[in-house]
Amino acid sequence: MPRLYLSLGANLGHRETTLQTALTLLSEQLGPVVKHSTFVATQPWGFASENAFLNLAAIADTSLSPLEALAVTQNIERQLGRTEKTATKGYADRTIDIDLLFFEGETFESEALALPHRHMLDRRFVLAPLAEIAPEVIVPGTEQTVAQHLQHLNERFAIDRLTAPSAQHLEAFQRLLPQLTGRPTTFSANDMAQLCANPLTAVYFLSDEEGQLQATCSLCYATSPTGMKAWLEDVVVDDRARGRGYAKHIVRHAISAAKAQGAKSLNLTSRPTRIAANRLYQSLGFEQRETNVYSMAF
């Protein structure tokens, strides 16, 4: 029996209940759902909304053709309260969205579906849940697995130095800094302006494939009689974007920047409890020093 791969999402109402109900209806009307991913929270793609999505991927065994399967999934969407489709109204909040991705070993183009969704396989909210349940499945029309597609997506990032204050960067500071300190932040637009004006501090941001700021770090420079030294500070990756390799990339960028500035050494401190971070630093060439670190708070 053909195996069909699907993507489901919802950002209105009782999202988890709706998705669980959709899985039940798919098993009843399409064919048994043999596996599905955990729920993955994502921000809306293609439009702005305060309502976050819950997404999941599912695998179903079905005897239906692609066109028949499409009719079933659209009927289930209507059963669950969705009355308008993206094709006519543009991207918007929705109670449920069910996309047919591909049959294993086949593509939908052969049947000229009115709404083919293979193009959605370059979207993280589709790939991340799908990689959880089918990492080694070959994506039709390519020679790569789902996991490889997700890895390529993780490598589509950019790292830039903060040179001028902006609302986007202020939002990123206010979102990321509490994840670093465990405390609410008081970081303001004035704080950011002073940071940008300081010639001895360089702040870097990493943005993902959609331009979202997902990580930051700071380089602080000081010149003394024994030479210029640099300190790596405030390395943080958004908790929703961890596991993508962003910390490694932004730290490597900081190392290169410090070398380019002529720093004699690059120093950092890291709490022993940050096991993953310490392993990363050691893997990138940082060595633990036998020294006492003293601090005086003002």
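Conventions used here
- Residues numbered from 1 in each chain as written.
- Predicted model: local features only at pLDDT ≥ 70, side-chain atom pairs only at ≥ 80, totals over all residues.
- Heavy atoms only, no water.
- Pairing = 2+ DSSP bridges.
- Helix = DSSP H or I, 4+ residues; strand = E, 2+ residues; numbered from the N terminus.
- Axes fitted to C-alpha atoms, helices over the stretch in contact; angles between N-to-C directions.
- Contact = heavy atoms within 4.5 Å.
- Expected span 1.5 Å × (residues − 1).
- Buried < 20%, exposed > 50% of the residue type's maximum accessible area, 1.4 Å probe, protein only.
- Arc of directions from axis to C-beta.
- Salt bridge = Lys/Arg side-chain N within 4 Å of Asp/Glu carboxyl O.
- pLDDT = per-residue confidence, 0-100.

We now examine the sheet that holds strand β10 (residues 265–267). Within the open sheet, the five strands sit side by side as β6-β7-β8-β9-β10. Their pairing is mixed. Strand pairing shows two members of the sheet lacking a second neighbour, β6 (158–161) and β10, which therefore form its edges. Pairwise comparison of adjacent strand axes, ignoring direction, gives a mean angle of 25° for this sheet. Here nine bridges tie strand β8 (residues 213–224) to strand β9 (residues 227–237), and the two strands are oriented antiparallel to one another. Paired with T216 across the strands is V236, a residue of β9. Helix α8 (residues 246–260) rests against β6, β7 (201–207), β8, β9 and β10 of the sheet, and its axis sits at about 25° to β8.

Another point: helix α1 (residues 15–29). Relative to the 21 Å expected for 15 residues at 1.5 Å per residue, α1 spans 21 Å between its end C-alpha atoms, a close match to the ideal helical length. Three or more residues of α1 are buried, namely T18, L19, A22, L23, L25 and L26. Within two residues after α1, G31 carries a phi angle of roughly 155°, on the positive side.

The next point concerns helix α5 (residues 146–154). Along α5, the residues that are buried comprise V146, H149, L150, L153 and N154. Seen from one end, α5 has its buried residues packed into an arc of 145°, which puts them on one side.

Looking at the secondary structure, you find N278 in helix α9 (residues 275–283). Overall, N278 belongs to the buried group, its relative accessible area being 18%. Ignoring any residue separated from it by four or fewer positions in sequence, one finds N278 in contact with S270, R271 and P272.

For the rest of this paragraph, the subject is the pattern of salt bridges. Within this structure, the stated rule accounts for nine salt bridges. Residues D61 and R3 are paired through a salt bridge, measuring 2.8 Å at the closest nitrogen-oxygen approach. A residue pair is termed long-range when its members are at least 10 positions apart, and D61 in strand β4 (residues 53–61) and R3 in strand β1 (residues 3–10) qualify at 58 residues. Residues R175 and E171 are paired through a salt bridge, measuring 2.9 Å at the closest nitrogen-oxygen approach. On the criterion of helical spacing, the pair formed by R175 and E171 is a turn pair, its members being four residues apart in helix α6 (residues 167–181). Note on E171: relative accessible area 39%, which makes it partly exposed. One network of salt bridges, with partners in common, ties together E77, R82, R94 and D97.

Before going further, it helps to spend a moment on the confidence of the model for the protein chain. Per-residue confidence for the protein chain averages 90 on the pLDDT scale, and 92% of its residues sit at or above 70. Every residue in residues 110–115 scores below 50 in pLDDT, and together they form 10 contacts with partners more than four places removed in sequence or on other chains.

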